[in-house]
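Structure assessment
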Amino acid sequence: GIRHGDLVRVFNDRGQLLAGAHVSDNFPRGVVRIQEGAWYGPTGPEIGALDTYGDPNTLTLDVGTSSLAQATSANTCLVQIEKFVGTPPRVTSFGGPIEVDPEGREVKA
């Protein structure tokens, strides 16, 4: 039921993000391709918060391919995808970082 131009939530047990769907016959059915380069913009400080700007790093392990190469392992992960329902959250990627305490609460300056 996802159509070209829909806003979708892409998620797995590591994280979740919002992205615009670009439905194409250029990839096999069931394959999701997310461009790298998005700035991380979570809806809150907690781990697993919804990323508002489509950063694929929220879905992948933060491990190198080997102790020698230390290349990214980001090109292979399993995700689920669903049409986003409701009012999209404000994109938070460009407001600068926030400081949080060890419990994840925002520290006011």
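Everything here concerns the structure above.
Below is a summary of the structure that appears in this document. (Residues numbered from 1 in each chain as written. Predicted model: local features only at pLDDT ≥ 70, side-chain atom pairs only at ≥ 80, totals over all residues. Heavy atoms only, no water.)

Concerning the overall build of the chain
Secondary structure summary: the chain contains zero helices and four strands in total. Each helix and strand of the chain, placed in order from N terminus to C terminus, yields the pattern β-β-β-β. Taken over the C-alpha atoms alone, the chain extends approximately 50 × 45 × 20 Å along its principal axes. A total of 109 residues make up the chain; the buried ones form 25% of that total. In the structure as shown, the chain presents an accessible area of about 8300 Å², 52% of it carried by carbon and sulfur atoms. In the chain, which carries 9 positive and 13 negative side-chain charges, the distance between the mean positions of the two groups comes to 8 Å. (Helix = DSSP H or I, 4+ residues; strand = E, 2+ residues; numbered from the N terminus. Buried < 20%, exposed > 50% of the residue type's maximum accessible area, 1.4 Å probe, protein only. Areas by Shrake-Rupley, 256 points an atom, 1.4 Å probe, with all protein chains shown as cover. Lys, Arg positive; Asp, Glu negative; His and termini not counted. Charge placed at Lys NZ, Arg CZ, Asp CG, Glu CD.)

Section: the nonpolar core
Counting residues in each nonpolar core, the largest one holds six residues, listed as Val8, Val10, Leu17, Ala19, Ala21 and Leu59. Those elements that provide at least two residues to this core are strand S1 (7–11) and strand S2 (16–20). Once residues lying within four places of it in the same chain are set aside, the contact partners of Leu59 are Val10, Phe11, Asn12, Arg14, Gly15, Gln16, Leu17, Ile34, Cys77 and Val79. (Core = buried A, V, L, I, M, F, W, Y, C linked by side-chain atoms within 4.5 Å. Contact = heavy atoms within 4.5 Å.)

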